[in-house]
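Residue strings, one per chain:
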Amino acid sequence: MNAQTEDKRNKSAVARLLGVLRVLRPLDALILCACIFFGILFIRRGLTVQGDRIIVEADGTSYEYSLQKDGTYHVQGALGDTIFEVKNGAVHIIDSPCQNKLCVHQGWSSPLVCLPNKVIITIENYGDFDAVSE
């Protein structure tokens, strides 16, 4: 009799666990979707840095360009000219003399870095606010 009682308890515990899992699965999916949505939202906001100016550090020399003026620019790095484009308030590297061209594939983001040519391109604000207080 003791074994039957134990078996019934195990079956009822399994049934309760399955019942809980049936209830949690839609909630888990909802929570997972919400986490993914907000994660993508925050990542996209972080990758699209807004600013007023572009600061370019090229082989120990600093240059400043306006982010409001579209155009194509050249800076002299350690290996040669790095060419970058400013368009619609964003910047990307078009060409660089480095071998692997990883900097060209970084897209429209900030900072852009070409280590072999020693070029770093960042977007900055003229204002007094930092990322936390904005």
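The rules behind each value
- Residues numbered from 1 in each chain as written.
- Predicted model: local features only at pLDDT ≥ 70, side-chain atom pairs only at ≥ 80, totals over all residues.
- Heavy atoms only, no water.
- Helix = DSSP H or I, 4+ residues; strand = E, 2+ residues; numbered from the N terminus.
- Patch = residues over 30% accessible without salt bridge, like charges linked within 9 Å, V, L, I, M, F, W, Y side chains within 5 Å.
- Areas by Shrake-Rupley, 256 points an atom, 1.4 Å probe, with all protein chains shown as cover.
- Salt bridge = Lys/Arg side-chain N within 4 Å of Asp/Glu carboxyl O.
- Phe/Tyr/Trp six-rings, centres within 6.5 Å; stacked < 30°, edge-to-face > 60°.
- Buried < 20%, exposed > 50% of the residue type's maximum accessible area, 1.4 Å probe, protein only.
- pLDDT = per-residue confidence, 0-100.
- Pairing = 2+ DSSP bridges.
- Axes fitted to C-alpha atoms, helices over the stretch in contact; angles between N-to-C directions.

Description of the environment of Leu 79
Here Leu 79 is to be found in the loop between strand E3 (71-76) and strand E4 (81-87). Considering only alpha carbons, one finds Leu 79 and Ser 96, 17 residues apart in sequence, at a separation of 8.6 Å.

Considerations on a nonpolar patch on the surface
On the surface, Phe 37, Phe 38, Leu 41 and Phe 42 cluster together into a nonpolar patch covering about 450 Å² of accessible area. Looking at where Phe 37 falls in the secondary structure, it is placed in helix H1 (residues 2-47).

Observations concerning the packing of aromatic side chains
Across all of its chains, the model carries 4 aromatic pairs by this definition. Residues Phe 37 and Phe 38 carry aromatic rings whose centres are separated by 5.2 Å and whose planes lie at 70° to one another, so their mutual orientation is edge-to-face. Residue Phe 38 is classed as partly exposed on the basis of its relative accessible area, which comes to 42%. Arranged with centres 5.6 Å apart and planes meeting at 35°, the rings of Tyr 73 and Phe 84 form a pair that is tilted. Remark: Phe 84 occurs in strand E4 and Tyr 73 occurs in strand E3; sequence separation between them is 11 residues. Of the two residues, Tyr 73 and Phe 84, both sit in the buried class. The structure contains a cluster of three or more aromatic residues connected by ring pairs, namely Tyr 65, Tyr 73 and Phe 84.

Let's talk about the confidence of the model for the protein
Averaged over all residues, the pLDDT of the protein equals 80, while 73% of them reach at least 70. Of all helices and strands in the protein, the one with the weakest mean pLDDT is H1 (70), whereas E3 scores best (94).

Points about the sheet that holds strand E6 (residues 112-114)
Spatially, the 4 strands line up as an open sheet ordered E2-E1-E7-E6, and their pairing is antiparallel. Of all the strands in the sheet, just strand E2 (61-66) and E6 have a single pairing partner and so form its edges. Direction aside, the axes of adjacent strands within the sheet are offset by 15° on average. Taken together, the 6 bridges between strand E1 (residues 53-58) and strand E7 (residues 119-124) define a ladder with antiparallel strand orientation. Across the sheet, residue Ile 55 finds its bridge partner in E7, namely Thr 122.

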